[in-house]
Amino acid sequence: MAAGGFRMLRCEIEGVEAVEAETRHSFPRHMHEQFGIGLIYRGAQKSLSGRGIVEASAGSTITVNPGEVHDGMPIGDHGRAWRMLYFEPRLIAEAIEDMSESKTDDFEFSQPVIDRDDIALRFERLYRALTTRGETIRYEEALLTLVASVQPYRKDSPSPPSSVARAQSLIDDDPAKALTLADLAQEAGLSRFQLLRSFSQANGLTPHAYILQRRVNMARRLIARRTPLAEAALEAGFADQSHMTRIFRRTFGVSPGAYADAVS
């Protein structure tokens, strides 16, 4: 197992990333821009999710939605092992649109932990289809079957207050831009303390932590497009490559260099 217990595998389909991990690493609060579906193979973990604190153990299927703040820590002293697939939102949206006969693609996965043997088996089939050479039809069948079985549903998460949404949009429009709490508070029409409190309550992250998450995901996209690491760091708003590397490894478990090797 490479990269401190993490290994990225090449996928046969563009827009999908496969990660294997065997580690005692504890993830701080973070978020992905992709949908994640995975399976715990050994040990157990506890994590924050969009449905509160959950626990998953060997045999549990786990899911995460884009932008969903979560963390992860092992239960016990021996760590845990898992496999994860991360999908660009368009791929899951296409599957949902197909399943609903073009009626909707507005959804999220409703269960962060699913303890069903049939779903675990379907994940394993999909993982094999994506990480071994074969015909595209294998992947298509396996993805549709798995997604249907985990029962995505229409989003019903409350929207953030309009004041927070304005501050959040200021960050989202240009994550690399240097912003102060005063800048965000002015955009929101709040005091700095009111903005800090309201933003943290709505997003599960402070404004600074949210900015770092947007920057590291921006860096991930740049690296996937084969942007040199130092250039990606500066373009994404990091002070330098070492700063990007620290945040990247803390968020994704692998270094930017290992990620670049896996997706190139």
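Refer to the structure above for everything that follows.
This section reports on the structure supplied with the text. The written sequence of each chain sets the order in which its residues are numbered from 1. For this predicted model, a pLDDT threshold of at least 70 governs which residues receive local features, and a threshold of 80 or more governs which side-chain atom pairs are given and counted, while totals over whole chains, interfaces and linings are taken from all residues. Excluding hydrogens and water, the side-chain figures rest on all heavy atoms present in the structure.

### Some thoughts on the pairing of strand E4 (residues 35-49)
Note on classification: 1.4 Å probe, protein chains only; a residue is buried when its accessible area is under 20% of the maximum for its type, exposed when over 50%, partly exposed between these limits. Runs of E in the DSSP output that reach at least two residues are strands. Runs of H or I that reach at least four are helices, and both are numbered from the N terminus. Summarising burial for E4: eleven of the 15 residues are buried, a large majority. A pair of strands counts as paired when DSSP detects no fewer than two bridges linking them. For E4 and strand E8 (residues 80-87), the ladder comprises eight bridges, and the chain directions are antiparallel. Looking at E8, one finds that Phe35 is bridged to Phe87. The sheet contact formed by E4 and strand E6 (residues 61-64) spans four bridges and is antiparallel. When the bridges of E6 are listed, Ile37 appears paired with Thr63. One ladder, built from six bridges, connects E4 with strand E5 (residues 52-57); its direction is antiparallel. Bridging from a neighbouring strand, Lys46 pairs with Glu55 of E5. Counted along the chain from E4 to the antiparallel partner E5, the turn is two residues long.

### Remarks on a negative patch on the surface
Residues qualify for a patch when their relative accessible area is over 30% and they have no salt bridge, like charges being joined within 9 Å and the nonpolar side chains of Val, Leu, Ile, Met, Phe, Trp and Tyr within 5 Å. Calculation of accessible area relied on Shrake-Rupley with a 1.4 Å probe; when residues are assessed, cover is drawn exclusively from the protein chains displayed. Any carboxyl oxygen of Asp or Glu that lies within 4 Å of a side-chain nitrogen of Lys or Arg is treated as forming a salt bridge with it. Note that His is not counted, nor are the chain ends; the positive residues are Lys and Arg, and the negative ones are Asp and Glu. Charged side chains are reduced to one point each, which is NZ for Lys, CZ for Arg, CG for Asp and CD for Glu. A cluster of acidic residues, Glu94, Glu97, Asp98 and Glu101, forms a negative patch on the protein surface. Considering the arrangement of structural elements, one finds Glu97 in helix H1 (residues 89-99).

### Quick word on unusual backbone geometry
The backbone of Arg226 sits at a positive phi, close to 70°, despite the residue not being glycine. Along the chain, Arg226 turns up in the loop between helix H7 (207-224) and helix H8 (229-235). Judged by its relative accessible area of 63%, Arg226 is exposed.

### A few points about the pattern of salt bridges
Throughout the structure, instances matching the rule amount to twelve salt bridges. Across the salt bridge formed by Glu33 and Arg220, the nearest N and O atoms sit 3.5 Å from each other. Placement of the pair is Glu33 in the loop between strand E3 (27-30) and E4 and Arg220 in helix H7, with a sequence separation of 187 residues. An identical accessibility class is assigned to Glu33 and Arg220; each is buried.

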